[in-house]
Amino acid sequence: MKLSRTIPAAAAGALAAVAVRDLTQSKRAILHNYPVVGHLRYLLNDIRPEIQQYFIERNWDGRPYNRDIRSLIADRAAGKAGEQAFGTELEVYQVGYEYLVHSTAPVPMPDEAPKVRIGGPDCRQPYDISLLNVSAMSFGALSANAIRALNRGAALGGFAHDTGEGGLSPYHLEFGGDLVWEVGTGYYGCRTDDGDFDPDRFAEVAAHPSVKAVSLKLSQGAKPGIGGVLPGPKVTEEIAKIREVPVGVTCVSPPAHRVFSTPIELIEFIARMRDLADGKPVGFKLCVGSRVDLIAIGKAMIEVETAPDFIIVDGSEGGTGAAPLEFEDHVGMPLTHGLMMLHNVLVGLGLRDRIRVGASGKVAASNDIVKRIIQGADYTNAARAMMMATGCIQAQRCHTGKCPTGVATQSAWRQRGLVVSDKSEQVRSYQEETVKGAMRLMAAMGVSRTDDLDPTMLRQHVSATSTRSYAEIYEWLEPGELLHDPPKKWKADLKLADPSRFHHPNHR
Ligand SMILES: Cc1cc2nc3c(=O)[nH]c(=O)nc-3n(C[C@H](O)[C@H](O)[C@H](O)COP(=O)(O)O)c2cc1C
């Protein structure tokens, strides 16, 4: 045979062999979905530091690409601790740079990661939640296989998986992972034909043994003040059945809830849901808007004489499957301020002891967990980091349905590459290593219990030449202070906060 024929034949044979190997492996969804050409992505990945020198690119946490959080998540998902050579490349003298304060006498790391008990005095079925859980992402935004992988990961690792507002799907139930069932303004899974709340359907779904808690969604950091839209063509028969809406008709979650319109009604509704859920913990999720609203909701708790079992604060830096850019970038309070504000309001009104606080918004690494606890959280949730542990490469095509890794799509073809047994293991491993990392940080700080973390342990560069601790920079109220002796700066908001109406800027 002539050489001119042998070489192309050999090359074609080699490519065919690579294609077969790519198609039969289950580790990498990209190679499975895009055999042979998918290697280009990994090649580019490997030479990223070199490319970066030409296109000084930065990742979502502001770090250079070769030191990014995505590599850390990938390492942890692969069961590694996520170590790096050489030293920090962060600009440590920059104003705003923050660091945790280590102890000269570190303590041993606890053997077991602590859990946080959710369930106030009116809760009859408390739930012990992990320090890091899967944040709300609906079936519809995510594929069936992604939901399966997250839920199986949660079952293997003993942490919680929030369903997102799209209702409880069969994929949430296949592996028995603990669920926080989220109910949004669309009341998917518990709605009447005309979109109202259906108490009987609610009680039925809440009774499922996998549902450990119910979260009422008020708002989300990436798009506070607007509801969600799932365009008609994406409302498949399956999604329509789960959400209890008509097939092919655009499915809109309205911006506001129908069942309450005042803080008092909100708290009464929380109490009603808890009764309907047979005493399981019920809470709400919000991106903080105004301090007046938080105080009004707190006052409503005092007036109604009950409270949610937990509140999740979502930062404006949080993610979404789809939202207008102006909302993603310019509406809502960032997590640091929203979290500390909520914590202070609850402490100041004497309510903090009975309510657990969750935090979400770019929680991805162990230091994020520790920092959020210092700022007032009891536990954290992560959405995008969990997506990355499931194989997301941040292609940012969730809203088009064309996610190349099969994570955020309804395309059966694209989901093929997401192998549930492998990806669920990655989710478990990422969560476990990251929580372990938080315990390691705490031990280095001389602390073995999350309750012993305090605002003196997080410091910030407030100018190029000085640092201050969170205890010094920010205000921390004493228990009941707003009731008995409110600081001057709080008096106007305390007066404006009315449990019988939500705050409007013009009310001031
Ligand atoms: C694909 C996707 C879908 C989401 N769907 C919901 C949802 O249904 N309900 C909700 O409350 N938040 C939803 N979120 C927001 C997350 O739960 C979380 O609050 C936010 O992304 C902040 O976390 P992160 O920075 O870890 O992503 C979604 C986020 C993403 C990325």
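Treat the numbers as computed from the prediction; the structure is a model and nothing was measured. (Residues numbered from 1 in each chain as written. Predicted model: local features only at pLDDT ≥ 70, side-chain atom pairs only at ≥ 80, totals over all residues. Heavy atoms only, no water.)

(A) Main features of the nonpolar core. L142, M386, Y430 and L453 are the most contacted members of the largest nonpolar core, which totals 67 residues. Looking at which domains feed residues into this core, each of domain 1 (16-92) and domain 2 (116-422 + 488-495) supplies at least three. With residues up to four places along the chain from it excluded, the contact list for L142 reads M137, I147, L150, M387, V407, A408, T409 and Q410. The next biggest cluster of nonpolar side chains, apart from the first, holds 54 residues, and it includes M301, L349, A359 and L482. (Core = buried A, V, L, I, M, F, W, Y, C linked by side-chain atoms within 4.5 Å. Buried < 20%, exposed > 50% of the residue type's maximum accessible area, 1.4 Å probe, protein only. Domains from an automatic or database assignment. Contact = heavy atoms within 4.5 Å.)

(B) Spatial organisation of the sheet that holds strand β15 (residues 467-469). Taken in spatial order, the three strands make up an open sheet running β1-β14-β15, and their pairing is antiparallel. Strand pairing shows two members of the sheet lacking a second neighbour, β1 (98-100) and β15, which therefore form its edges. For this sheet, the mean inter-axis angle between neighbouring strands, taken without regard to orientation, is 25°. As paired elements, β1 and strand β14 (residues 458-461) share three bridges and run antiparallel to each other. Along β14, the bridge assignment pairs L100 with L458. (Pairing = 2+ DSSP bridges. Helix = DSSP H or I, 4+ residues; strand = E, 2+ residues; numbered from the N terminus. Axes fitted to C-alpha atoms, helices over the stretch in contact; angles between N-to-C directions.)

(C) How the structure looks around the site of the ligand. Among the 22 residues in the neighbourhood of the ligand, the closest are listed as S135, A136, E182, K362 and R384. In this structure, A136 approaches the ligand through a main-chain N or O atom, which is 2.6 Å from an oxygen atom. Contacts to the ligand include K362, whose backbone N or O atom sits 2.6 Å from an oxygen atom. Burial of the ligand by the surrounding chains reaches 97%, relative to a free accessible area of 600 Å². In the shell around the ligand, the residues fall into five nonpolar, ten polar and seven charged. (Near = heavy atom within 4 Å. Polar contact = N/O pair within 3.5 Å; in protein donor to acceptor, adjacent residues only side chain to side chain. Areas by Shrake-Rupley, 256 points an atom, 1.4 Å probe, with all protein chains shown as cover. Nonpolar A, V, L, I, M, F, W, Y, C, P; charged D, E, K, R; others polar.)

(D) Molecular detail of the pairing of strand β6 (residues 178-183). Among the six residues in β6, six count as buried, and that is most of the element. With burial as the criterion, each face of β6 is covered, one bearing D178, V180 and E182 and the other bearing L179, W181 and V183. Relative to β6, strand β5 (residues 160-162) runs parallel, the two being bridged by three bridges. Paired with H161 across the strands is L179, a residue of β6. Pairing geometry for β6 and strand β7 (residues 211-217), over five bridges, is parallel. Residue pairing in the sheet places E182 in a bridge with S215 of β7. In the classification by handedness, the crossover that spans β6, the intervening helix α7 (residues 199-206) and the parallel β7 is right-handed. (Right-handed = clockwise from strand over helix to strand, strands pointing away.)

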